[in-house]
Amino acid sequence: MNHPYDCLVIGAGMAGAVTARELAQRGNKRVLLLERRTHVGGNAYDCLDERGVLIHQYGPHIFHTSDKRVYDYLSRYTAWRDYQHKVVANIPVEGGGRTLLPVPFNLVSLEVAFGVKQAATLEKKLIDAYGAERKVTILELRASPDRSIAALAEYVYEHVFVRYTMKQWGQKPEEIDPNTTARVPVFLSRDCRYFQDPWQGMPQEGYTALFERMLDCPGITVELGVDALSRLRLDGGKITLDGEAFTGTVIYTGAVDELFGFAYGRLPYRTLDFRFESYDRQFFQTHGTVNYTMDEDYTRITEFKHLTGQRLREPVTTIMKEYSRAYTGQPGEIPYYAIINEANNALYRRYAALAATYPSLKLLGRLAEYKYYNMDAIAARALALCDDLLK
Ligand SMILES: Cc1cc2nc3c(=O)[nH]c(=O)nc-3n(C[C@H](O)[C@H](O)[C@H](O)COP(=O)(O)OP(=O)(O)OC[C@H]3O[C@@H](n4cnc5c(N)ncnc54)[C@H](O)[C@@H]3O)c2cc1C
């Protein structure tokens, strides 16, 4: 082989960065990492905006995991700021005004929604029926012979779930998968944290610094601003890079339909438009994320300073409003969420089967596998793939 590299990694997000590091350090491989964007970190990338506020360019990212291996692994590249994410839903109340309900809906939300007295009666019934600290689904609550419990399920469905889901997925209520609805939980607890994982936090110096440290390793060459597909050719089971046969392992973390020139058609996605707004005050809202579950056209507002703990001398803060819409594939649009259903999974399987005709090609990551993964899940998959490759 004429290439000076043993492995080619495409994409410098969590999938590509962990893989590149492991192959170079543990496997002693020479790794070429190509990234289309002008920065590393994939969608977890963060940077300072023009007011000096640390923002997440591609949507708010909070690290949380129950996987000790992943936590220990990422802790090599960052210290953590202790941060327990809390989310509230901003909903209108009868007679005017708004209130903030903790989500997932829990015993504190119950008090906000129904008042302390009525909530106490409902709480007793719920704990007698299902037990404390349990996550009970709307489906289970709906099936209760007690009408006040069944009515609670309807309240949560209407006020927290259905319109938010319609906005996020562009669906009519009748199109929403009943299995998804059935899984919406009510948490019989006063724990208002959004995640219950034992390890949660934010990288103390941000995600970009974490990724830069991970990729700072002998054996890794990173090229930014390079579309790998302009240099890579897949044809008849053979892979060429820059016009020459490449027989090393190729880890591809981009969109699989794009890799094969959309040969079987596009895999559908939802994309997001982010609107950033700066305010000359310390804080805009009381929580890191406020969901708008009823009438606004955005799904949620995130205020980064709550997440990052950043302190600035000036009273300034930046928020981000998220708007969800269909991904059309126009230049500049980013495919964010795979739309998982049987037809799309079947289309994905055709691409995966085509990819399997190239034995040295590995598909890894949210785009290549057409699935939603949290960062910790992707890091775990990357570590497992490297275990396998380096056996
Ligand atoms: C709005 C939003 C919020 C999220 N919040 C959280 C959260 O709070 N906590 C959490 O754990 N997870 C969160 N996630 C999930 C997280 O973003 C993913 O787990 C993570 O990005 C997956 O990493 P990846 O490497 O698979 O993909 P990506 O981060 O998308 O990285 C893929 C990289 O490949 C590059 N690429 C693609 N094609 C090519 C090509 N042809 N040539 C060169 N480079 C290419 C892309 O530019 C990109 O940088 C969130 C996701 C979204 C959409």
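See the structure printed just above.
Being a predicted model, the structure only gives us computed values, none of them experimental.

S.K.: I would appreciate a short explanation of the overall build of the chain in the present structure.
M.R.: The number of helices and strands found in the chain is twelve helices and 22 strands. For 391 residues, the compact-globule estimate of 2.2 N^0.38 gives 21 Å, and the C-alpha radius of gyration of the chain, at 23 Å, lies within 12% of that figure. Dimensions along the principal axes, computed over C-alpha positions, put the chain at roughly 75 × 50 × 40 Å. Taking all 391 residues of the chain together, 52% fall into the buried category. At a minimum sequence separation of 6, the contacts of the chain that also span at least 24 residues come to 72%. Total accessible area on the chain stands at roughly 18300 Å², and carbon and sulfur atoms take up 50% of it.

S.K.: So what exactly am I meant to see when it comes to the nonpolar core here?
M.R.: Side chains of a nonpolar character, in soluble globular proteins, are inclined to be buried together. Judged by nonpolar contacts, the single largest core of 42 residues is most densely connected at Met14, Val18, Leu74, Phe211 and Met214. Looking at this core, the elements that each hand over two or more residues are β1 (7–10), α1 (14–25), β2 (31–35), α2 (68–75), α8 (207–215) and α12 (375–389). In this structure, Ile10, Val226, Leu267 and Tyr358 belong to the second largest nonpolar core, which totals 31 residues.

S.K.: Honestly, the pattern of salt bridges in this entry has me stumped. Any pointers?
M.R.: Pairs may arise between side chains of opposite charge once their charged atoms sit close together. A complete count under the given rule lists 28 salt bridges for this structure. In this structure, arginine 51 engages aspartate 280 in a salt bridge whose closest nitrogen and oxygen atoms are separated by 2.7 Å. Of the two residues, arginine 51 sits in the loop between β3 (46–48) and β4 (54–56) while aspartate 280 sits in the loop between β17 (269–279) and β18 (289–291), which places them 229 residues apart along the sequence. The exposure class of aspartate 280 is exposed, given its relative accessible area of 60%. Within the structure, one salt-bridge network assembled from shared partners comprises Glu22, Arg26, Arg69 and Asp387.

S.K.: Please clarify how the packing of α1 against α8 should be interpreted in this entry.
M.R.: For any two helices packed against each other, one specifies the inter-axial angle together with the distance between the axes. Relative to each other, α1 and α8 sit at 30 degrees, their axes nearing to 9 Å. The orientation of α1 with respect to α8, classified from their angle, is roughly parallel. In the packing of α1 onto α8, the handedness of the crossing is left-handed. Contacts between α1 and α8 involve Met14, Ala17, Val18, Ala20 and Arg21 on the former and, on the latter, Phe211, Arg213, Met214 and Leu215. Here the residues of the contact of α1 with α8 are counted per class, giving seven nonpolar, no polar and two charged.

S.K.: Would you take a moment to explain the packing of aromatic side chains for this structure?
M.R.: Centre-to-centre distance and the angle between the planes together describe a pair of aromatic rings. If you walk through the whole model with that rule in mind, you get 22 aromatic pairs. Residues tyrosine 71 and tryptophan 80 carry aromatic rings whose centres are separated by 6.0 Å and whose planes lie at 25 degrees to one another, so their mutual orientation is stacked. Judged by its relative accessible area of 22%, tyrosine 71 falls in the partly exposed class. Between tyrosine 292 and tyrosine 298, the ring centres sit 5.0 Å apart and the planes meet at 75 degrees, which makes this aromatic pair edge-to-face. The pair tyrosine 292 / tyrosine 298 is uniform in exposure class, with both members buried. Grouping aromatic residues by their ring pairs yields a cluster made of Phe63, Tyr71, Trp80 and Trp199. Arginine 142 extends its terminal NZ or CZ atom over the ring of tyrosine 157, reaching a point 5.0 Å from the ring centre. Above the ring of tyrosine 264, the side-chain terminus of arginine 350 is found at 3.9 Å from the ring centroid.

S.K.: I keep staring at the sheet that holds strand β5 (residues 63–65) and nothing clicks. Help me out?
M.R.: Strand pairing in a sheet relies on backbone hydrogen bonds. The paired strands run either parallel or antiparallel. Strands sit in the order β5-β11-β6 across an open sheet of three strands; the sheet is antiparallel. Whereas interior strands pair on both sides, the edge strands pair on one side only; in this sheet they are β5 and β6 (80–81). Two strands pair when backbone bridges link them, and β6 and strand β11 (residues 199–203) are joined in this way by two bridges, in the antiparallel orientation. Following the sheet pairing, tryptophan 80 is matched in β11 by proline 203. Along the sheet, α2 makes contact with β5, β6 and β11, crossing β5 at roughly 145 degrees.

S.K.: I keep staring at the site of the ligand and nothing clicks. Help me out?
M.R.: Near the ligand you find 31 residues, and of these Glu35, His61, Ile62, Tyr373 and Met375 are the closest. Measuring from an oxygen atom of the ligand, one finds a backbone N or O atom of isoleucine 62 at 2.7 Å. Within the side chain of tyrosine 372, an N or O atom sits 3.1 Å from a nitrogen atom of the ligand. Burial of the ligand by the surrounding chains reaches 96%, relative to a free accessible area of 990 Å². At the level of secondary structure, the elements contributing two or more residues to the shell around the ligand comprise α1, β2 and α12. By residue class, the composition of the shell around the ligand is 17 nonpolar, nine polar and five charged.

S.K.: How do you make sense of the sheet that holds strand β22 (residues 361–363) when you look at a structure like this?
M.R.: Taken in spatial order, the five strands line up as β12-β2-β1-β16-β22 in an open sheet, and their pairing is parallel. The sheet terminates laterally at β12 (220–224) and β22, the two strands that pair on one side only. The mean inter-strand angle of the sheet, taken between neighbouring strand axes irrespective of direction, is 15 degrees.

S.K.: It is not clear to me how the environment of histidine 61 should be interpreted in this structure. Could you clarify?
M.R.: Summarising the element assignment, histidine 61 is placed in the loop between β4 and β5. Taking relative accessible area as the criterion, histidine 61 reaches 16% and is therefore assigned buried. In this structure, the C-alpha to C-alpha distance between histidine 61 and aspartate 46, residues 15 residues apart in sequence, is 9.2 Å. Those residues in contact with histidine 61 that lie beyond four places of it in its chain are Asn43, Ala44, His56, Met202, Tyr207 and Met375.

Conventions and cut-offs
Residues numbered from 1 in each chain as written. Predicted model: local features only at pLDDT ≥ 70, side-chain atom pairs only at ≥ 80, totals over all residues. Heavy atoms only, no water. Helix = DSSP H or I, 4+ residues; strand = E, 2+ residues; numbered from the N terminus. Rg over C-alpha atoms; globule rule 2.2 N^0.38 Å. Buried < 20%, exposed > 50% of the residue type's maximum accessible area, 1.4 Å probe, protein only. Contact = heavy atoms within 4.5 Å. Areas by Shrake-Rupley, 256 points an atom, 1.4 Å probe, with all protein chains shown as cover. Core = buried A, V, L, I, M, F, W, Y, C linked by side-chain atoms within 4.5 Å. Salt bridge = Lys/Arg side-chain N within 4 Å of Asp/Glu carboxyl O. Axes fitted to C-alpha atoms, helices over the stretch in contact; angles between N-to-C directions. Parallel < 35°, antiparallel > 145°, perpendicular 65-115°, else oblique. Left-handed = near helix turned anticlockwise from the far one by under 90°. Nonpolar A, V, L, I, M, F, W, Y, C, P; charged D, E, K, R; others polar. Phe/Tyr/Trp six-rings, centres within 6.5 Å; stacked < 30°, edge-to-face > 60°. Lys NZ or Arg CZ within 6 Å of the ring centre and 35° of its normal. Pairing = 2+ DSSP bridges. Near = heavy atom within 4 Å. Polar contact = N/O pair within 3.5 Å; in protein donor to acceptor, adjacent residues only side chain to side chain.

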